[in-house]
Amino acid sequence: MARHQQGDNAVTDHADTPHAVKIVAVTGAGRGIGRALCEGLARRGYTVAALARQLPLDWEAPGVHAFEVDVADAAMCTEVFGAVAARLGPVDALVANAAVYRKGWFLDQSPEDFGAHFLINVLGVANAIRPVLPGMLERNCGRIVAIGSQADMNPFPSSVAYAASKGGLHPLVKGIAGEVDHTRYPNVLINELFPGVVKTRMSPAGTPPERVLDYVLPLIEAPSGGPHGQAFKMDKVVYPGESWKAALKRVVLGRGR
């Protein structure tokens, strides 16, 4: 996948690109990774719909249009994404970034607090995809990137709810991608991205959130027929939950990348 030109002032005329991705929606845009993605995408010439439950009052980034939405509310998602289309045009790419991470030991968390992780981290992704995918299929033009995590592979104490919910995201993304006929719709690409440890309110350490754009851009700007139904750890393909036997078979048959 060819990377986009780097630099804060790099702007490209996307009308000439094969996939014609112009309008990008980002959920969880109020801070951290989401906000950094919105600002970075706008600097590169995309029209960006920033979606969050609460957006910062001091945010006036050129090219970024704010919409308030609770991704846990399916009806609200349908309404707000309709408003995005009416105001900006059809969404060409969706970065499903909204997530919640409330630390707490399992026995200390209320069922409501525990369940909120699944409402936002799993159902919230589905609620964001559902309003935009039909139009992407109709136009045969779309990119969906779900921001995931491999926290489920080795859950830390006090992060069971987050790890379990992120584990549920893998089959959701891969399953939705599997229902899209890649032969008939080669220009609709759905993938999951693990950006690694990023320094946000969820983590005091890690890479700056601005770096995540380096991994999102190649998936948004991938050509027709590009990667679909795959998971990436930064810029490398990974296979969440794959057994050693399946990995061996994949390598022997030459299906690995």
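Look up: the structure comes first, before these words.
Quick caveat: nothing in here was measured; it's all calculated off a predicted structure. (Residues numbered from 1 in each chain as written. Predicted model: local features only at pLDDT ≥ 70, side-chain atom pairs only at ≥ 80, totals over all residues. Heavy atoms only, no water.)

**Student:** Which residues make up the packing of helix α2 (residues 74-88) against helix α4 (residues 123-139), and what are the values?
**Tutor:** Their axes nearest at 9 Å, the elements α2 and α4 cross at an angle of 40 degrees. On the basis of the axis angle, α2 is oblique to α4. Handedness of the crossing formed by α2 with α4: right-handed. Across from A74, C77, T78 and F81 in α2, the residues of α4 making contact are N127, A128, P131 and V132. When its residues are assigned to classes, the contact of α2 with α4 shows six nonpolar, two polar and no charged. (Axes fitted to C-alpha atoms, helices over the stretch in contact; angles between N-to-C directions. Helix = DSSP H or I, 4+ residues; strand = E, 2+ residues; numbered from the N terminus. Parallel < 35°, antiparallel > 145°, perpendicular 65-115°, else oblique. Left-handed = near helix turned anticlockwise from the far one by under 90°. Contact = heavy atoms within 4.5 Å. Nonpolar A, V, L, I, M, F, W, Y, C, P; charged D, E, K, R; others polar.)

**Student:** Any details on the side chain of Q109? Residues and values, ideally.
**Tutor:** Looking at the element boundaries, Q109 is found in the loop between β4 (93-96) and α3 (111-121). Side-chain polar atoms of Q109 contact the side chain of D113, separated by 3.5 Å. (Polar contact = N/O pair within 3.5 Å; in protein donor to acceptor, adjacent residues only side chain to side chain.)

**Student:** With reference to specific residues and values, describe unusual backbone geometry.
**Tutor:** Not every positive phi belongs to a glycine, and N140 is a case in point at roughly 50 degrees. Among the structural elements, N140 can be located in the loop between α4 and β5 (142-147).

**Student:** Outline the packing of aromatic side chains, supporting the account with residue identities and numerical values.
**Tutor:** With the rule as written, the count across this model stands at three aromatic pairs. With a centroid separation of 4.4 Å and 25 degrees between ring planes, the pair formed by Y101 and Y162 is classed as stacked. One end of the pair, Y101, is in the loop between β4 and α3; the other, Y162, is in helix α5 (residues 160-178), with 61 residues separating them in the sequence. Judged by centre distance (5.8 Å) and plane angle (35 degrees), the ring pair of F114 and F118 falls under tilted. Of the two residues, F114 and F118 both sit in helix α3, four residues apart, roughly one turn of that helix. Chaining the aromatic ring pairs together yields one cluster made of F106, F114 and F118. (Phe/Tyr/Trp six-rings, centres within 6.5 Å; stacked < 30°, edge-to-face > 60°.)

**Student:** Which residues make up the pattern of salt bridges, and what are the values?
**Tutor:** Here the structure, examined in full by the defined rule, presents four salt bridges. Salt-bridge contacts for E39 lead to R35; the nearest nitrogen and oxygen are separated by 3.2 Å. Within this pair, E39 and its partner R35 are both found in helix α1 (residues 32-43), separated by four residues, close to a single helical turn. Given a relative accessible area of 23%, E39 falls into the partly exposed group. The partner of D92 in a salt bridge is R139, with the nearest N and O atoms 3.8 Å apart. Of this pair, D92 sits in the loop between α2 and β4 while R139 sits in helix α4; the two residues are 47 residues apart in sequence, bridging distant segments of the chain. Residue class for D92 comes out buried when judged on its relative accessible area of 7%. (Salt bridge = Lys/Arg side-chain N within 4 Å of Asp/Glu carboxyl O. Buried < 20%, exposed > 50% of the residue type's maximum accessible area, 1.4 Å probe, protein only.)

**Student:** How would you sum up the nonpolar core? Please name residues and give values.
**Tutor:** Judged by nonpolar contacts, the single largest core of 35 residues is most densely connected at L51, F81, L94 and I190. For this core, the secondary structure elements donating two or more residues are β2 (47-52), α2, β4, α4, β5, α5 and β6 (188-194). When residues of this core are assigned to their parent elements, the largest contribution, seven residues, is made by α4. In this structure L94 touches A25, T27, F81, A128, I129, V132, M136, R143, I144 and V145, once residues within four positions along its chain are discounted. The next biggest cluster of nonpolar side chains, apart from the first, holds 30 residues, and it includes L37, L55, A61 and V237. (Core = buried A, V, L, I, M, F, W, Y, C linked by side-chain atoms within 4.5 Å.)

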